[in-house]
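Commentary on secondary and tertiary structure
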Amino acid sequence: MSDAAILRVEDLRVGFATPEGLVQAVDGVSWAVAPGRTLGIVGESGSGKTVAAMTAMGLTRGRRTRVSGRVLLDGEDLLSAPPERLRALRGDALAMVFQDPLSALHPLLRVGDQIAEAVRAHRAGVSRAAARARAVELLEHVAMPDAARRVDAYPHELSGGMRQRAMIAMALANEPRVLIADEPTTALDVTVQKQILELLRRLRDELGMAMVLITHDLGVVAETADEVAVMYAGRIVEQAPAAELFAAPQHPYTWGLLRSMPRLDAEAGAELVPIPGRPPSLIHPPSGCRFHPRCAYVRERHREVDPPLAPLAGAGAADTGHRVACLLSETERRAIWARLAQGAARRRSWPASSSSSSASRSRAACCCAGGSARWRRSTA
Amino acid sequence: MLLRRRLGEVAAVDGVSLSVLEGESLGIVGETGSGKSTLARMLLNLLEPTSGVVRWRGEDVTHARGARLAELRRARQLVFQDPAGSLNPRKTVGAALADPFLIHGLLPERAARARRVGELLEQVGLDAALANRYPHELSGGMRQRVGIARAIALGPELLVADEPVSALDVSIQAQILTLLRQLRRELGLTLVLIAHDLAVVRHMCDRVAVMRGGRLVEVAPVEQLYRAPQADYTRELLAAVPRIPSPSPPGAPGGAQSSPSSST
Ligand SMILES: Nc1ncnc2c1ncn2[C@@H]1O[C@H](COP(=O)(O)OP(=O)(O)OP(=O)(O)O)[C@@H](O)[C@H]1O
Ligand code: SF4
Ligand SMILES: [Mg+2]
């Protein structure tokens, strides 16, 4: 993943000057993604996932923004690139898909025209007719139902899933080499989410795109990403190949995320283990390890020493790419995780609760559902 | 196993029938527009079915008005998805929590009300001193706790929580779900939980109703629904949920076998 990387973010720092002080949204983040691969970035709201990605795209520039570090697209530094160069790259080599398609699609223009425009903006000399044909082709490519007709639809005439497809079609208009997808499915129903994720995976494989997938959903990451970076308060606290991260997570925050998410395969009666407290201020972050106020394994020293993101030492000769920012020794962490994982395994095999044997029986309820339900507001 | 009594019931002739059993935790799942919230609102007399009946403890309350409706409101409370939108930004937390008592003419004495408000805050895991704060000074998780405190203020029998955690951070979701479970135990509440997240419902509920296009597709005990779903649509929904791989204890295949120190 390192040498073959097409997009590389190095020691990126992004701060925003606000009346309350400098919000250090991203504080020394490095990641890289190679063609045909997916980097998943997880972490809770406000951890800096979006700001890092937007900065890589040159979308956070402004008088109040303080940026340092490097963002290299095929070796070319984007942070120092002039605005016109960035505009040329955006929508061409680099494309982004947002959580809310309505923010990316113009409400008053037909989706086909918007996609055609994206094509013509980067391909001088493409005729209108050719661009429109390309728009239909792209909509077909993203499996838009009835693409030849929908090309003339306005965004509001499409369902959420269709709008997402239209936005992805637009992002793919010029076969970008890197696609950054920021929560591309968060607003969608699970069945639609599944289709969109399958679509993104297929396109990644067919086009050999490098993909950065930002999400708060560990399940989405597990099913889509090759590599995962876990962000907390502007930093990456753990980074690993996806399988490794789920099998042998090393950071207490990652443990917290894993243990606080309800699982579909959990046994009835299984308890969630919430992470206490809440994410810290980015203006006055905690001293030492930023996670220390919420960490069950904090020691005195951890309140003062800020742990760097370092490769695992005991993983043998081969560097698996697993990195973690925690002051506990690797032996301690493995021992703790072994205990937690065993506890979780025990919880999963708890006997089912008494309620599951209650008298009600499953029924396919079609008998009482005559027509579609209509309601009116209570006047009370 | 005791047969539980029906607490609330909606039987809309043109739509769906669903009963809530006393003491249970019933999940309603389904996708956008499937009618989950509508069904729950009918159950709470916040919407009137165009036809059919709403029953509460066997009594037809479809057209309840006045004092009877007020009494029903007290017994059945709603927790909203968006804790910010459900709190008046110009009222302190304390005032918001005192409101239900004033509306229902309870605890007329200011000191007694303040005491009760403090108790409520502590019951939902907040500091009683937060009574003097305004909603915007609280985090989303804290606001949701206030929303829950307000819902339990008058000792309801039924709590309907409509997507209570979907607006919250991952790490905060578990705190709120754990609180709801604890309150159910402590107060013997019946819970109707509306959620699009099937894992959340799996974790919280005894029984699950699956809705689609305004209709009930399947109703079953949670274990049965997740292990042996009957309706195709339920199967499709379950199959679509992305899975988090199980943590494997060291030694197990896929576990921490890469480490020589994993035996410690
Ligand atoms: N223009 C800005 N001015 C000031 N602060 C900002 C600005 N943009 C973002 N921030 C702050 O930067 C931090 C990181 O925000 P970011 O949007 O990257 O979080 P995120 O990890 O993407 O969260 P989410 O999961 O909610 O999308 C937040 O605290 C946010 O409030
Ligand atoms: S360094 Fe200490 S406080 Fe920070 S995550 Fe590790 S154990 Fe917890
Ligand atoms: Mg974001």
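Everything numeric in this text was worked out from a predicted model, so none of it was measured. (Residues numbered from 1 in each chain as written. Chains lettered and ligands numbered in written order. Predicted model: local features only at pLDDT ≥ 70, side-chain atom pairs only at ≥ 80, totals over all residues. Heavy atoms only, no water.)

1. Some points on the sheet that holds strand S2 (residues 21-33) of chain A
All names here are of chain A. The line we're drawing: At least two DSSP bridges between two strands are needed for those strands to be called paired. Helix numbers and strand numbers start at the N terminus; a helix is a DSSP run of H or I with at least 4 residues, a strand a run of E with at least 2. Here, two residues are considered to be in contact whenever any of their heavy atoms come within 4.5 Å of each other. Inter-axis angles, ranging from 0 to 180 degrees, are taken between N-to-C directions of lines fitted to C-alpha atoms, where helices are fitted over the stretch in contact.
Reading across the sheet, the four strands line up as S2-S1-S4-S5 and stay open at both edges, with antiparallel pairing between neighbours. Looking along the sheet, the strands with just one partner apiece sit at the ends: S2 and strand S5 (76-77). Bridge count between strand S1 (residues 7-18) and S2: 10 bridges; the pairing is antiparallel. Looking at S2, one finds that Val 14 is bridged to Val 26. Contacts from helix H1 (residues 49-56) reach S1, S2 and strand S4 (65-73), with the element oriented near 110° to S1.

2. Quick notes on the site of ligand 2
Our working definition: A single heavy atom is enough: if one lies within 4 Å of a molecule or strand, its residue is considered near that molecule or strand. Using a grid of 1 Å spacing that covers the protein atoms alone, one calls a set of points a cavity when a 1.4 Å probe fits there but cannot get out, and a pocket when the set is open and has protein on both sides within 12 Å along at least five of seven lines; lining residues are those with an atom within 4 Å of a point. Placement in a cavity or pocket follows one criterion, namely that more than half of the molecule's atoms lie within 2 Å of its grid points.
Taken together, A:His251, A:Pro252, A:Cys289, A:His292, A:Cys295, A:Tyr297, A:Val298, A:His302, A:Cys326, A:Leu327 and A:Leu328 form the complete shell of residues around ligand 2. Because more than half of its atoms lie within 2 Å of the grid, ligand 2 is assigned to the second largest cavity.

3. With respect to the nonpolar core
The criterion, for reference: As used in this record, nonpolar core signifies buried Ala, Val, Leu, Ile, Met, Phe, Trp, Tyr and Cys residues forming a set joined through side-chain atoms within 4.5 Å. Buried means the residue's accessible area, taken with a 1.4 Å probe over protein chains only, is under 20% of the maximum for its type, while exposed means over 50%, and partly exposed covers the values in between.
In terms of nonpolar packing, the biggest core is built from 61 residues, with B:Leu198 and B:Tyr226 touching the most fellow members. A per-element tally of this core places helix H6 (residues 170-187) of chain B first, with seven residues. Residues in contact with B:Leu198, not counting those within four places in the same chain, are A:Val190, A:Leu264, B:Val29, B:Tyr226, B:Leu237, B:Leu238 and B:Val241. Within the second largest apolar cluster, 38 residues are counted, among which are A:Val97, A:Ile115, A:Ile168 and A:Met211.

4. Notes on the site of ligand 1
Residue and element names in this part refer to chain A. Basically, it comes down to this: Pairs of N or O atoms within 3.5 Å make up the polar contacts considered here, provided that, within protein, one atom can donate a hydrogen while the other can accept it, and that residues adjacent in sequence are counted only when both atoms are side-chain atoms. To measure how exposed things are, a 1.4 Å probe is used in the Shrake-Rupley method; for residues, cover is taken only from the protein chains shown. Under this grouping Gly is polar, as are all residues other than the nonpolar Ala, Val, Leu, Ile, Met, Phe, Trp, Tyr, Cys and Pro and the charged Asp, Glu, Lys and Arg.
Near ligand 1, the surroundings consist of 13 residues, among which Ser 45, Gly 46, Lys 49, Thr 50 and Val 51 are the closest. The backbone of Gly 48 places a nitrogen or oxygen atom 3.0 Å from an oxygen atom of ligand 1. One of the side-chain N or O atoms of Thr 50 is found 2.6 Å from an oxygen atom in ligand 1. Alone, ligand 1 offers 640 Å² of accessible surface; in the complex the protein occludes 63% of this. Those elements that place two or more of their residues in the shell around ligand 1 are S1 and H1. It is H1 that provides the largest number of residues to the shell around ligand 1, a total of three residues. Across the shell around ligand 1, the residue classes break down as four nonpolar, six polar and three charged.

5. Quick word on helix H5 (residues 140-152) of chain B
Residue and element names in this part refer to chain B. Applied cut-off: The length a helix should cover is 1.5 Å for every residue beyond the first.
Here H5 is 13 residues long and its end C-alpha atoms lie 19 Å apart, about the 18 Å a rise of 1.5 Å per residue gives. Judged by how many residues are buried, H5 sits mostly within the fold: 11 of 13 residues are covered. Along H5, the positions that sit buried rather than exposed are Gly 141, Met 142, Arg 143, Gln 144, Arg 145, Val 146, Gly 147, Ile 148, Ala 149, Ala 151 and Ile 152. Check the buried side of H5 and you find it contacts strand S7 (76-79), helix H3 (93-103), helix H4 (110-123), strand S8 (158-162) and H6.

6. Topic: the environment of A:Leu109
All names here are of chain A. Looking at the secondary structure, you find Leu 109 in the loop between helix H3 (101-104) and helix H4 (111-122). Classification of Leu 109 as partly exposed rests on a relative accessible area of 41%. With near-sequence residues (within four places) excluded, Leu 109 lies in contact with Gln 114, Tyr 154 and Pro 155.

7. Looking at the domain arrangement of chain A
All names here are of chain A. Worth spelling out the cut-off: Where each domain starts and ends follows an automatic or database-derived domain assignment. Using a 1.4 Å probe, buried area is obtained as the accessible area two parts lose upon being combined, added over both of them. Throughout this description, the term salt bridge denotes a Lys or Arg side-chain nitrogen within 4 Å of a carboxyl oxygen of Asp or Glu.
Looking at chain A, the domain boundaries give domain 1 (2-230) and domain 2 (248-313 + 321-379). Taken together, the contact pairs 16 residues of domain 1 with 11 residues of domain 2. Surface buried jointly by domain 1 and domain 2 totals about 1000 Å² across both partners, of which 61% is contributed by carbon and sulfur atoms. At the boundary of domain 1 and domain 2, one finds two salt bridges.

8. Observations concerning the packing of aromatic side chains
The geometry of two aromatic rings is summed up by the distance between their centres and the angle between their planes. Here is the rule we go by: Side-chain rings of Phe, Tyr and Trp, where Trp is taken by its six-membered ring, are said to pair if the distance between their centres is within 6.5 Å; with planes under 30 degrees apart they count as stacked, over 60 as edge-to-face, and otherwise as tilted. In this scheme, Lys NZ or Arg CZ marks a charge over a ring once it lies within 6 Å of the ring centre and within 35 degrees of the ring normal.
If you walk through the whole model with that rule in mind, you get five aromatic pairs over all chains. For the ring pair A:Tyr232 and A:Phe291, a centre distance of 5.1 Å and an interplane angle of 85° mean the geometry is edge-to-face. One end of the pair, A:Tyr232, is in strand S9 (residues 227-232); the other, A:Phe291, is in the loop between helix H11 (252-260) and strand S11 (310-311), and 59 residues separate them in sequence. Each member of the pair, A:Tyr232 together with A:Phe291, is buried. Between A:Trp255 and A:Trp337 the ring centres are 6.2 Å apart and the planes differ by 20°, which places this aromatic pair in the stacked class. Taken together, the positions of A:Trp255 in helix H11 and A:Trp337 in helix H12 (residues 330-348) put the pair 82 residues apart, joining distant regions of the chain. Per residue, the accessibility class of A:Trp255 equals that of A:Trp337, and both read buried. Sitting over the face of the ring of B:Trp56, B:Arg76 holds its NZ or CZ atom 5.1 Å from the ring centroid. Sitting above the plane of the B:Tyr226 ring, B:Arg202 keeps its charged end 5.4 Å from the centroid.

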